[in-house]
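Structural description and commentary
Residue strings, one per chain:
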Amino acid sequence: MPNATLFTPLHLGPYRLSHRVVMAPLTRMRAARPGNVPRLLNAEYYAQRASEGGLIIAEASQVTPSGQGVPASPGIHSSVQVAGWKKATDAVHAKGGVIYLQLWHVGRISHPSHQPDGALPVSASAVQPKGEATTASFTREPFETPRALRTDEIPLLVESYIQAARNAREAGFDGVEIHAANGYLLEQFLQSRTNLRQDAYGGSIENRARLLLEVAEAVSGVWGSERVGVRLLPFGVANDSGEEDPQPLYTYVIGALAQLGIGYLHVIEPRASGAGQAEVDHQGLPSASELFRPLWPKVLIAAGNYRGDTAEAAVAAGHADAVAFGRLFISNPDLPERLRVGAPLTPYNRRTFYGGEAEGYTDYPALSEQAAE
Ligand code: FNR
């Protein structure tokens, strides 16, 4: 077998995965509007990518309306969204798969057109991101300067993660992943470029990490920490993020998450930051999975520009326990099977990543369908 180590079992909290090829969380902007509700097309897409004992991390979903940053991204804050997600989790479970939901708040990477009452997006501090937002009508507009959250609003924000975590459980997910990467709200608090606060949530590393750790603890209160994962991008740059000295910050954060008993750590290699926007390759930066592996006692998932052979090598060397694939899972619904047998992979079409219907979403063939053509 070409990728033998990837096809050995792995215990993830209470689950026994039968292989280590994980589907990375992927925003596809195809929820039903109004309401940003997952629909049957989305359930079909996840069912196509489910495999016996395989882990899917479903796309980033806003925990509260102000957490939305792009049009038609699904939410996990309303009862209709819960009912919509139930169709996807049922479909994945019917194929013997395990499915987690990624909990998302974009913070400043939003636009007033997504916000309740057209308000300004919120962030750690009033620091305007470079670049352009995708508005509710799919046009592009420069990001605005966000409003800094007041200290007394933070408990409400944590509460919205708790409610979203409960909703995810009601929707039939097997666990949740907290999105603390890629320039979104929790990372805006973590990193010094976007966090200029002078309260208990800004300044020192301990203070900047406080919000993430409060969220991780609160979500663990709902799920039990072993069913909670956290995604980080320690060295890359995405959505105009920035941290002058990532190593001490992430050493602290990862140590504290380990103490909380978080079930898995999901690190994105810097070479793939911004993969949703363009083909980028930040070479020469340290490998996050290699560097932080010794600090992490539980399951470590690595992501970012992996192919079958490099994923096999990373797991075989012990740098990661599993590897998450993003773009290749978009265009290869049966990616685990293809990697297992060493079959050729279908290339992805970037034009259909975001928004639209079945094209570039549910029409990529499985190997068995291709063979029949
Ligand atoms: C992404 N990525 C991403 N990451 C995340 O944490 N939550 C998300 O919802 C998304 N959405 C998303 C959409 C699209 C279309 C792409 C291409 C990427 C990043 C993704 O999970 C992964 O880390 C990168 O794509 C790098 O992995 P690959 O694609 O090189 O395997």
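For the structure, see preceding data.
Computed from a prediction, not measured in an experiment: that's the story for all the values here.

**Here we look at the nonpolar core**
Of all hydrophobic cores here, the largest spans 85 residues; its most connected members are Tyr46, Val219, Leu232 and Phe325. The element best represented in this core is helix 5 (residues 205-223), accounting for ten residues. Among residues more than four places away in sequence, those in contact with leucine 232 are Ala180, Ala181, Leu190, Leu212, Tyr250, Val253, Ile254, Leu257, Leu265, His266, Val267 and Ile268. In this structure, Leu12, Tyr15, Ile57 and Ala324 belong to the second largest nonpolar core, which totals 16 residues.

**Regarding the packing of helix 3 (residues 154-170) against helix 5**
When two helices pack together, their arrangement is captured by the angle between the axes and the distance separating the axes. Between helix 3 and helix 5, the least distance of the axes is 9 Å, while the angle of their chain directions is 35°. Read as a crossing pair, helix 3 and helix 5 show a hand that is right-handed. Side by side, helix 3 and helix 5 meet where Ile154, Leu157, Val158, Tyr161, Ile162, Ala165, Arg166, Ala168 and Arg169 of the first sit next to Leu211, Glu214, Val215, Ala218, Val219, Val222 and Trp223 of the second. The residue inventory of the contact of helix 3 with helix 5, partitioned by class, reads 13 nonpolar, no polar and three charged.

**A word on helix 1 (residues 40-49)**
In terms of burial, helix 1 is largely enclosed, as seven of its ten residues are buried. Where helix 1 is concerned, the buried positions are Leu41, Asn42, Ala43, Tyr45, Tyr46, Ala47 and Arg49. At its buried positions, helix 1 is contacted by strand 3 (21-23), strand 4 (55-62), helix 2 (79-94), strand 5 (98-104) and helix 9 (327-331).

**Remarks on the side chain of arginine 49**
In this structure, arginine 49 sits in helix 1. Despite being buried, arginine 49 has no salt bridge partner; aspartate 363 is the closest side chain of opposite charge, sitting 7.1 Å away. From its side chain, arginine 49 meets the backbone oxygen of tyrosine 45 in a polar contact 3.1 Å long. With residues up to four places along the chain from it excluded, the contact list for arginine 49 reads Met23, Ile56, Phe329, Ile330, Pro333, Tyr361 and Tyr364.

What counts, and where the lines are drawn
- Residues numbered from 1 in each chain as written.
- Predicted model: local features only at pLDDT ≥ 70, side-chain atom pairs only at ≥ 80, totals over all residues.
- Heavy atoms only, no water.
- Core = buried A, V, L, I, M, F, W, Y, C linked by side-chain atoms within 4.5 Å.
- Buried < 20%, exposed > 50% of the residue type's maximum accessible area, 1.4 Å probe, protein only.
- Helix = DSSP H or I, 4+ residues; strand = E, 2+ residues; numbered from the N terminus.
- Contact = heavy atoms within 4.5 Å.
- Axes fitted to C-alpha atoms, helices over the stretch in contact; angles between N-to-C directions.
- Left-handed = near helix turned anticlockwise from the far one by under 90°.
- Nonpolar A, V, L, I, M, F, W, Y, C, P; charged D, E, K, R; others polar.
- Lys, Arg positive; Asp, Glu negative; His and termini not counted.
- Salt bridge = Lys/Arg side-chain N within 4 Å of Asp/Glu carboxyl O.
- Polar contact = N/O pair within 3.5 Å; in protein donor to acceptor, adjacent residues only side chain to side chain.

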